Every structure is written in structure tokens, then in C-alpha cells.
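A look at the structure
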Amino acid sequence: MRTVLIAAIVGLLVVSACLAGCTQTQASAGGLKLGVVASMTGPASTTGKDVWQSAQLAADEINARGGVFVKSLGKNVTIQLVQGDDESTREGGIKAVTKMITDDKVDVLTGGFSSAVVTAHESIVADHGVPYIITGASSSTVTRRTDINTSTMFHHAPITDASASQTTIFVDEVMRPAINAKFGRPADTPLRMAVIYQDSPFGKGALDAIQSTIAAKGLKIQVVANETFKMGETDYRTTLTSVKAKGPDVVYPIAFLNEEVPMLTQARRDVGLNTIFLAVECVDDPDYYKGLGQYGDYSIIESRFSAYAVPKGSISPNVGKYQKDYAARFNASPGMMGAATYEGVYIAAAALEKAGTTDQAALLSAIGSVQVPEMVESMKNSTISFGNQYHESQFNLFMEQLHWDPATQTLRPKIVWPAALKETEFQIPDWYRPGSV
Amino acid sequence: MAIDVGTLLQILFWGLYAGCIYILLATGVNLIFGVMKTVNFAHGELLMIGAYVTWTLFSLTGLNPYLLLVATVPVLLLFGIAVQRLAFRPVLGSHKLNEIFLSIGLIYLFQNGAAMIWGSDYQSIQSPFASMAVTIGSFRLPLDYVIIIAVTIGILVGLQLLLRRTRLGLALRATSQNRKAAMLSGINVERMDMIAFGLGAALAGAAGTLWVVSGQVFDPYMGSVPAVKAFAIVILGGLGSIPGAIIGGLFYGVAESAATYTLGGAWKDAISFIVLIVVLVIRPTGLFGERGE
């Protein structure tokens, strides 16, 4: 009996261990082998699932159209996806990427979410010279670091500096005048901003970007508090109590989705911090709206792709189709990281066609020079390209304000900035209390 | 730096709330260690399972989540008994490394099992009292946290009554003090092991319910950090000492809150271990521990 029980427990342990860290291959052999680094297990698994499903959607669309024509072969080939689960950890990422490169022999990699995880496995990618279209990881270090050869890395996600800078400019251009006007303050009254940032390169990079943007552009924003928190923190009550005591007009958390949801909820519900919260672009995910509920009313989020808002312009039909196709296939709404990975697969396909061969050196050169028309995210010059010094694509970011609909019990965004993309005006709620001056 | 009294009291209050969760976890760890002399490293995962059981019952019934404590605690009690019977008893008394690696293995088993059953997305629910608060001057007491503190006190009083006023409690204490003597006096120590593990799991389950009703988010991987803190509290308070776990838990909660306010959130976890090191240097057995434990 005892032997059977121990054998059963060992068996269950083996099965559970195998659930994490395995790679999965989709589609038939042949064609371009595209490794997708996705956090299928661990704390970032919500995003990981979105990343993988979006890649599947893109690959299936391309394959359904007959694949990609490769000149040297004189025929069309399919995109074959290989899933690598980074387990939301540095070690898991190294394991998954090593397996995809050495065992699965992938031609190109895409995906990658957390900056910490991506920077850990980048050295493996660099050692093998595999092209890597990174569709997450907002830290600029992923392509700007100098300790490894980053010439095979291509960053298709806005870097922290750009996104924090854009939000800070929005606060100065839109929020400060509106708040000063509503509360009868002189127009040049500085806005009191509290920053609550993750104690990581991501958080510190954003704080630096906020402060340097304020200084460089002479913005009338006063940072009255900058508080840190550990990655993955769930209890922000003391931090928020401290922030409340500083009397901010606006609170800018530099936090992931699973951090911002409890932070904002605790601020409004427990601490009574009745101010407007901002959010970084990487949290624009259906789970964010679901998790916040009514506590997200009137909060602001920076974005480049939203499941529930379609920016005006040439990408509108593409966004609508993508949202519809994704929902039909996976019975869920797509997230931002998935959207970038969806494009990542198309970038790889375009590079393959341009290279005309699956030779890795040719693919690398082709990704560096390929020009892909913008798809579901608004891009500078309406084109996805990695032409700059650091292989970074350039996004048009926009700001959304969230509104709670009591009738449908849903929280949904409306684009409020910039003027070219906006759907409605920024609003200040009746419950809002400005900071003390 | 001038600190408003209301702000100070508010921070102390958040510390007390955090302390409640730690106390329930640490008391469970101590109960199991006291009787079985086994450290269950998967104890945080029992908190996580408690949170998911409450969430599942809430989703199915829509009942007030506080009432679901009455259902979650027995479920975790039975689950704990099953885990002890199926996993720990076969290796009990063998090399200590077997017990350690078994409980580490259980962490992965429970995490992946929970992800398979409930999915790995984070979840949260809203308490029906979420918008209610008691305000005293600038001091704001959300009703949920007042209830959580009261429920924790109630559970601890109930546990003390069980341990001090019942034959079962006497048997548990006897097993904890001297296993061989307890066996010789006719106590079924293997049954006591199961009950102690079940009670420890039930306390973790109660902590899981309180975690959920406070609006905290949870996912299959949320148990590790609270568990590490519970172990630190147990060492701080003294291995096997339930009063030590209570005092240690409260102290940790308040120390973390104070550190977050004064030094920043990055110091929250560090301060707990700094306190632990200082206490162990001065008193190696912990605050309430006895030599030889």
C-alpha cells in the first residue's frame, strides 16, 4: 500500500513538473520554424496565453493563404510555430530558449514578455546568432545593452523611456489645465504627481524618464512622492496611505497588471484616495478591465492596442478584424502583448519573403531592413521597421480614459489623446479631490 | 518629517491586518511542527487552495464570502488530513530530507494542480462590505478589515479553547511535548499527526478566505511569499510556540508597515528578516522558544 502511494505521489510530481517548461510544436514539419517565447505558466501566464494564441492566429492566417513564397526554394512554405514556456522566470526562459534553439532548431524567435526574463535568456540567443523579434520587455536594455551582441535582437514594443515620457506630456497638456480650471487654480499651478514604481529596472527606468521629461521640457509637474514596491506585491495600503498624506493631484503607478489592479482597488476602496490613477501601456489587457471593475472609473491608461477601443485612422479595419477573429477563435478578447506578437509573426513572414531563403544570416539581414505596413498597432510613418540604431520599432501611443457602465457592469476605455486619434474629451469625476497646495 | 496621528494609526491598522494573515499561517505551521516535528514548506499553497475554495464557493452560491469560512475551513481540514495521510505519513520518521523534499515537491504539485483546475489567471472578489468604513477623525477603518481582525481573534480563541479545554487538545499537547510518553499513555499519535496537520491546513484555509474577502488578488503561485514569512515568524516566535506565532505575526505585520512607510516598499520584506536576525542573535531560541526544540 505504502509503495503504491509513494509511486502515485512520484507519478503526480513528474506529471506536474512536466506541465511546466515543456515546449510544444504546432503545424506540420517544413517551412519557417518560429519559436514563440511565452509565459504559459507562472504569474504572467495570462499574458503568455494571449501571446501564444495571437501567434497561432497569425500563423494560421498566413498558412491558410498558402504560406510564404521562398524564392530559393521556388515554392511557398508554411510557418511552423514552436512554443517555449518561460514559466515567468529567468531560469524557465533560459531553459525554453535553449531547447528551442538546440533541439527544435528554430529559425527565428519572437515573443518574450518581462524585461528581467528576456534579458536573462538573450545571451543564449546571442551566442547562437538566432534572430529574435522581441514583442514585450519594455526596458530599453534589451537592444541597447553592451555586455552581449544584440545585433540579432529586434524590439517591437515601446521602450519605457518613450512610454513614460508620453504619459508625462499628456498629464501636462491635458490633465493639468483641466484640473486647474475646474478647481479655480491659476493656470500655471504645477500639478502634484505621485509616482509608485516597481523596484526593478522597469520601474526605475520609468521614474527616470518621467523626471527627465519634466526637466527637459520644463513641464509644470511637481513629483511630490516617489514610492517603491517589490515586484509581485499585493498589499499597497501603507504605501497608498503615505501617498495620500502627500496630497497628489494624480498618481502614476509603474506597475504590471497584477500589481496595478490591487493597488488601484485598495486606493479607492480602502484608503479613500480619490484621485485619478494613470497606468503604463503594458497593462492594457481585458483582465485589467475585469479586475478593476468600478474602481477603475475615470482612470487613465496609456496604450498602443486595446481590446475595447479602436483608434481612428488606417489601422481601424485591421484592429476590428483582429478583435473579431481572436474572439471567435478563442472566445476571449485579445491583449496588447498578443497584438505585438501577432505582428511579430507577420514581420518574420515578411522577412522570409524578402530574404528568399531560410538561411539565418539572410533572415537576420531581412528583418533589419524589412518595411511592414502597420497592422493592428499605430506606428510612426505607418510602418513597422527596425531601421534605427537600436533595432527598435516606433509606436504612436495614445491615452484612454476608462468609464464604468453600471448597466452592463463593465469598464471600457475611450481614447482621449492625441487629437488625431481621440474619441472623446478627458473628464474629471465629481468624486475627484485635488491634492493640497 | 512630521507625521499626522491619523496617518500613523492608519499605518498601524494595516500592519495589524497583515499580521492577522501571518498569525493564522504561522500558527498552523507551528501546530504541525509541534506535533509532527515536520516543517511543511507547502503551507503557503494551503493558503492558496483556501482562497480558491472560497472563490469557487462564492462563484457557485453567491453567498457572503465571510459565511463561506464555515465551508472553507472544513474542506481544508479534510484536505490537510488527506495530505498528511497520503504524503507525509509514509515518510514520517525516515530521514528529515525526505520530509523536506516531499513538501517542496508538494509546492509544485499544488501550484500546477490549481493552475489546471482553476486556471493560472489571477482572481479576486468583492466583499459586500467593500464600500463601508468606520471613520474616526482622519482615521478610516474599512469594515472588512475590522471584521478580519475580529474573525482572527475568534479563531485563535477557539483554537486555544480546543487545545486547553478538550481531551483532544490535551492529547495534541501531550504528543507535542513527548511523543513516546503520549504513545505509552494510550494516545494514538498517528491520529494526532493527522488532526494537527488538518488543523494547520484549516487555519491556512481561513487565512485564504480572509485574503480573498479583503479584495486581494490571488493566483496559483501566491502562496510562496506568505509561507516564507510564516516560517520566519515561527522562528522569531520560537518553534512550536503558538503565543510566539501570534506575537511574531503581529510584530511582523506592524514592522513591515512601518518599514514601507519610512524606508519604502522595497524594504518591506527585508525588514522582517533583519528583525529575525537581530532576535536570533540576542535569543537563539526565538522569543518564546525553549532550548532543545
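These figures come from a predicted structure and were not determined experimentally.

Looking only at helices and strands, one finds eleven helices and two strands in chain B. Helices and strands appear in chain B in the N-to-C order α-α-α-α-β-β-α-α-α-α-α-α-α. For 293 residues, the compact-globule estimate of 2.2 N^0.38 gives 19 Å, and chain B sits close to it at 19 Å. Summarising its shape, the C-alpha atoms of chain B cover approximately 60 × 50 × 35 Å along the three principal directions. Within chain B, the fraction of its 293 residues that count as buried is 52%. Across chain B, every contact between residues at least 6 apart in sequence was considered, and the portion connecting residues at least 24 apart equals 76%.

Our next topic: the environment of Leu102(B). All names here are of chain B. The topology assignment puts Leu102 in helix α4 (residues 96-118). Distance from Leu102 to Ile247, taken between C-alpha atoms, is 30 Å for residues 145 residues apart in sequence. Sequence-distant contacts of Leu102, that is, excluding residues within four places in its chain, are made with Ala87, Phe88 and Val91.

The next thing to look at is the interface of chain A and chain B. Taken together, the contact between chain A and chain B spans 38 residues of the former and 35 residues of the latter. Elements represented by at least two residues in the side of chain A that touches chain B include exactly α1 (2-19), α2 (45-64), β10 (221-229), α8 (237-245), α9 (257-271) and α10 (286-292) of chain A. Here the element with the most residues in the side of chain A that touches chain B is α1(A); it accounts for nine residues. Split into classes, the residues belonging to the side of chain A that touches chain B amount to 13 nonpolar, 15 polar and ten charged.

Let us look at the environment of Ser94(B). Residues and elements named next belong to chain B. Its location among the elements puts Ser94 in the loop between α3 (69-88) and α4. Since 10 C-beta atoms lie within 10 Å of it, Ser94 is described here as exposed. Each C-alpha atom, one on Ser94 and one on Thr61, is 44 Å from the other, the two residues being 33 residues apart in sequence.

With that settled, consider the sheet that holds strand β16 (residues 398-405) of chain A. Residues and elements named next belong to chain A. Taken together, the three strands give an open sheet; going across it, the order is β13-β16-β17, and neighbouring strands pair in antiparallel fashion. Both outer strands of the open sheet, β13 (300-303) and β17 (410-417), are each paired with one neighbouring strand and no more. Each strand axis lies, on average, 40° off the axis of its neighbour in the sheet, ignoring direction. The sheet contact formed by β13 and β16 spans four bridges and is antiparallel. Looking at β16, one finds that Ile301 is bridged to Glu400. Taken strand by strand, helix α6 (residues 160-182) contacts β13, β16 and β17, and its axis lies near 135° from that of β13.

What follows covers the pairing of strand β2 (residues 32-38) of chain A. All names here are of chain A. Within β2, seven of the seven residues are buried, leaving the element largely enclosed by the surrounding structure. The alternating pattern of β2 places Leu32, Leu34, Val36 and Ala38 and Lys33, Gly35 and Val37 on opposite faces, both of which are buried. Note: β2 against strand β5 (residues 79-85), seven bridges, orientation parallel. Looking at the pairing, Leu34 lines up with Leu81 of β5.

Residue and element names in this part refer to chain B. A rise of 1.5 Å per residue sets the reference length of helix α2 (residues 43-61), with its 19 residues, at 27 Å; its end C-alpha atoms lie 27 Å apart and thus fit the reference within 8%. With respect to burial, α2 is a largely interior element, 14 of its 19 residues being buried. Directly after α2, the chain includes Gly62, whose backbone phi takes a positive value near 70°.

Attention now moves to the domain arrangement of chain A. All names here are of chain A. For chain A, the assigned domains are domain 1 (2-158 + 316-384) and domain 2 (161-303 + 397-417). For domain 1 versus domain 2, the distance between C-alpha centres works out to 31 Å. Contacts between domain 1 and domain 2 engage 14 residues on the former and 17 residues on the latter. Secondary structure elements with two or more residues in the side of domain 1 that touches domain 2: α2 and α4 (115-128). For the side of domain 1 that touches domain 2, a count of residues per class yields five nonpolar, nine polar and no charged.

What counts, and where the lines are drawn
- Residues numbered from 1 in each chain as written.
- Chains lettered and ligands numbered in written order.
- Predicted model: local features only at pLDDT ≥ 70, side-chain atom pairs only at ≥ 80, totals over all residues.
- Helix = DSSP H or I, 4+ residues; strand = E, 2+ residues; numbered from the N terminus.
- Rg over C-alpha atoms; globule rule 2.2 N^0.38 Å.
- Buried ≥ 20, exposed ≤ 12 C-beta atoms within 10 Å, placed from the backbone.
- Contact = placed C-beta atoms within 7 Å.
- Nonpolar A, V, L, I, M, F, W, Y, C, P; charged D, E, K, R; others polar.
- Pairing = 2+ DSSP bridges.
- Axes fitted to C-alpha atoms, helices over the stretch in contact; angles between N-to-C directions.
- Expected span 1.5 Å × (residues − 1).
- Domains from an automatic or database assignment.

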